Amino acid sequence: MHSAKKLRLGVLGSGKGSNFVAIAQAIQNGSVPAEVALVVSDVADAGILQHAQERGIPARFIPPGAFRTKLDPTAEAAFIQALQDAQVDLVVLAGFMRILKGDFLRAFEGRVVNIHPSLLPSFPGLEAWKQALNYGVKVTGCTVHWVDQGVDTGPILAQQAVPVLEGDTVASLHQRIQEAERTLYPETLARLADGAWPVKARSIPNP
Ligand code: GRF
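A quick note: this is a predicted structure, and the numbers were derived from the prediction, not measured.

**Here's the deal with unusual backbone geometry**
Move 1: Residues Leu120 and Pro121 are joined by a peptide bond in cis, for which omega reads 15°.
Move 2: Residue position: Pro121 is located in the loop between strand E5 (112–116) and helix H5 (128–135).
Move 3: Backbone geometry at Phe123 places phi at a positive 55°, although glycine is not the residue there.
Move 4: Residue placement: Phe123 occurs in the loop between E5 and H5.
Move 5: The exposure class of Phe123 is buried, given its relative accessible area of 15%.
Move 6: Its identity is not glycine, yet Glu127 carries a phi of approximately 45°, on the positive side.

Below is the structure:
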């Protein structure tokens, strides 16, 4: 007899990995019925790789190639292969700083999620917390969404509002948004793993 197969996550990140740590902790304490099969980074010394290694989770640096904002074709193929080899069901972008499109999204169609530090569709793109502060909005937040061919445009799964406070700086607002992310992302993944929204096609059938 087999228990239900856990959702296998492939986490991609370029930075310090605080969202990954929150996800890994939520999995460990039993609130997200999933497992991280692989962490991949385009940055050799990214904190996210170190956090994964400390937890005994397979972690790989894959060189991104010559472009600055996307993967070159060889790198894209290597990312796809690594995630497929790890039998990943869902690709979780956690601070991955390159735009994924074309072959990658076709390989994982309907199976890529991202967290963005604003209430989309407001403030897509870089430094969204700074865009929000400069604009003067009174409420911003974070959004978990499916990834499509656009930049921060895919269907929204969940959002958390964060008020902009009197005297907020770029740093203080960013910090409170990141705190909200560390709750919202694991909660949303828990709902995904529980089947709240269909993950398009699992890479392998349930045993
Ligand atoms: C997060 O703020 C997320 O919104 C953005 O990149 C940042 C990643 O931070 N996409 P971390 O590496 O998870 O600490």
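**Let's talk about the site of the ligand**
Move 1: Close contacts around the ligand come from Gly15, Lys16, Gly17, Ser18, Asn19, Gly95, Ile115, Pro117, Gln178 and Glu181, and that covers them all.
Move 2: Within the backbone of Lys16, a nitrogen or oxygen atom sits 3.4 Å from an oxygen atom of the ligand.
Move 3: Within the side chain of Glu181, one N or O atom sits 2.3 Å away from an oxygen atom of the ligand.
Move 4: Taking 360 Å² as the accessible area of the ligand by itself, protein coverage stands at 88%.
Move 5: Those elements giving two or more residues to the shell around the ligand turn out to be helix H1 (18–28) and helix H6 (170–193).

About the cut-offs
- Residues numbered from 1 in each chain as written.
- Predicted model: local features only at pLDDT ≥ 70, side-chain atom pairs only at ≥ 80, totals over all residues.
- Heavy atoms only, no water.
- Helix = DSSP H or I, 4+ residues; strand = E, 2+ residues; numbered from the N terminus.
- Buried < 20%, exposed > 50% of the residue type's maximum accessible area, 1.4 Å probe, protein only.
- Near = heavy atom within 4 Å.
- Polar contact = N/O pair within 3.5 Å; in protein donor to acceptor, adjacent residues only side chain to side chain.
- Areas by Shrake-Rupley, 256 points an atom, 1.4 Å probe, with all protein chains shown as cover.

Take it as geometry only, folks, not as evidence of what the structure does.
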